[in-house]
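Single-letter residue listing:
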Amino acid sequence: MTSFRINREIWLPQPRDEVFKFFADPRNLEKLTPPWLRFKVLDPDSIAMENGATINYRLRLRGIPLRWRSRIARWDPPRGFVDVQVRGPYREWIHEHRFESSRGGTLVSDRVDYAVLGGRLVNRLLVRRDLERIFDYRTAVLARIFGAEAAGPDPVKKS
């Protein structure tokens, strides 16, 4: 199975505890996901975020309705957490979120390791572009919510 990786970093001019608190609420995923995905958290309002917690979502990917379940594989507030896909559109999905105090604010780092049916060709033609758009949207929303416009030039790093 061929795996791929997306890395993103954004510096936010807010304290790490405040930024982590935002990410610790699964409902905020709806704010960070582009409207074209019609993303919805299906669980009750209160999900106890901890090792082993599961979160269920509904979304539309290229018009196809999908269900996604993720499990919190590592919960380490306020330094980070890892969620893994239990059920969903990917053969593998491991998303590591890291939060570091930096320059009076917080450096938020995302690393996603994923695999898709169809391997390199499907990734290159479809999946990678979609994921780039999703993470571009997410980054823009985080910048708006946490005031990264005031962070100076280029608070975002892509790879």
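The rules behind each value
Chains are numbered independently. Their residues run from 1 in the order of the written sequence. Per-residue local features of the predicted model are confined to residues with pLDDT of at least 70, and side-chain atom pairs are confined, for both listing and counting, to 80 or more; whole-chain, interface and lining totals are unaffected and use all residues. By convention in this description, side-chain values take in all heavy atoms of the structure and omit both hydrogens and water. Helix and strand definitions here come from DSSP, where helices need a minimum of 4 consecutive H or I residues and strands a minimum of 2 consecutive E residues; each element is numbered from the N-terminal end. The globule rule is 2.2 Å times the number of residues to the power 0.38, and the radius of gyration it is compared with is taken over C-alpha atoms. When a residue's accessible area, from a 1.4 Å probe over protein chains only, is under 20% of the maximum for its type it is buried; when over 50% it is exposed; and in between it is partly exposed. It only takes one pair of heavy atoms within 4.5 Å for two residues to be counted as in contact. Each accessible area value is a Shrake-Rupley result obtained with a 1.4 Å probe; residue values ignore everything except the protein chains displayed when judging cover. His is not counted here, nor are the chain ends, while Lys and Arg score as positive and Asp and Glu score as negative. All charge positions are set by atom: Lys at NZ, Arg at CZ, Asp at CG, Glu at CD. To get an axis, a line is fitted to the C-alpha atoms, and for a helix only the part in contact is used. The angle between two axes follows their N-to-C directions and goes from 0 to 180 degrees. In this scheme, roughly parallel covers angles under 35 degrees and roughly antiparallel covers those over 145, while 65 to 115 is roughly perpendicular and the rest are oblique. Left-handed describes a crossing whose near helix is turned anticlockwise from the far helix by less than a right angle; the clockwise case is right-handed. Patch definition: residues with relative accessible area over 30% and no salt bridge; like charges joined within 9 Å; nonpolar side chains (Val, Leu, Ile, Met, Phe, Trp, Tyr) joined within 5 Å. Here, a salt bridge means any side-chain nitrogen of Lys or Arg that lies within 4 Å of a carboxyl oxygen of Asp or Glu.

1. Here we look at the overall build of the protein chain
At step 1: Scanning the protein chain from terminus to terminus reveals three helices and eight strands.
At step 2: Scanning the protein chain from its N terminus toward the C terminus, one meets helices and strands in the order β-α-α-β-β-β-β-β-β-α-β.
At step 3: For the protein chain, the C-alpha radius of gyration of 15 Å lies close to 15 Å, the compact-globule estimate for 159 residues.
At step 4: Each of the three principal axes of the protein chain carries a C-alpha extent, and together these read 45 × 35 × 25 Å.
At step 5: Across the 159 residues that make up the protein chain, the buried fraction comes to 45%.
At step 6: Of the contacts formed within the protein chain by residues at least 6 apart in sequence, a portion of 50% connects residues at least 24 apart.
At step 7: Accessible area for the protein chain stands at about 8,600 Å²; split by element, carbon and sulfur atoms hold 51% of it.
At step 8: Counting 30 positive and 20 negative side-chain charges, the protein chain places the centres of these two groups 7 Å from one another.

2. Considering the packing of helix α1 (residues 16-23) against helix α3 (residues 119-146)
At step 1: Orientation of α1 relative to α3, taken along the N-to-C sense of each, is 130 degrees, at an axis distance of 12 Å. By the angle between their directions, the pair α1 and α3 is classed as oblique. Seen along the crossing, α1 lies across α3 with a hand that is right-handed. When α1 is examined against α3, the residues Glu18, Val19, Phe22 and Phe23 are found in contact with a partner set consisting of Arg138, Leu142, Ile145 and Phe146.

3. Let's talk about a positive patch on the surface
At step 1: On the surface, Lys40, Arg58, Arg67, Arg69 and Arg87 cluster together into a patch of positive charge.
At step 2: Following the sequence through the fold, Arg67 ends up in strand β4 (residues 64-76).

4. Observations regarding the pattern of salt bridges
At step 1: Per the stated rule, a full pass over the model turns up 12 salt bridges.
At step 2: Of the charged contacts, one joins Asp130 and Arg62 as a salt bridge, the two residues approaching to 3.1 Å between their closest N and O atoms. One end of the pair, Asp130, is in helix α3; the other, Arg62, is in the loop between β3 (54-61) and β4, with 68 residues separating them in the sequence.
At step 3: For Asp130, a relative accessible area of 11% translates into the label buried.
At step 4: In this structure, the salt-bridge partner of Asp76 is Arg79, at a minimum N-O distance of 3.0 Å.
At step 5: Of the residues examined, Asp76 reaches a relative accessible area of 24% and is grouped as partly exposed.
At step 6: One salt-bridge network, held together by shared partners, links Arg5, Arg74, Asp76, Arg79, Glu96, Arg111 and Asp113.

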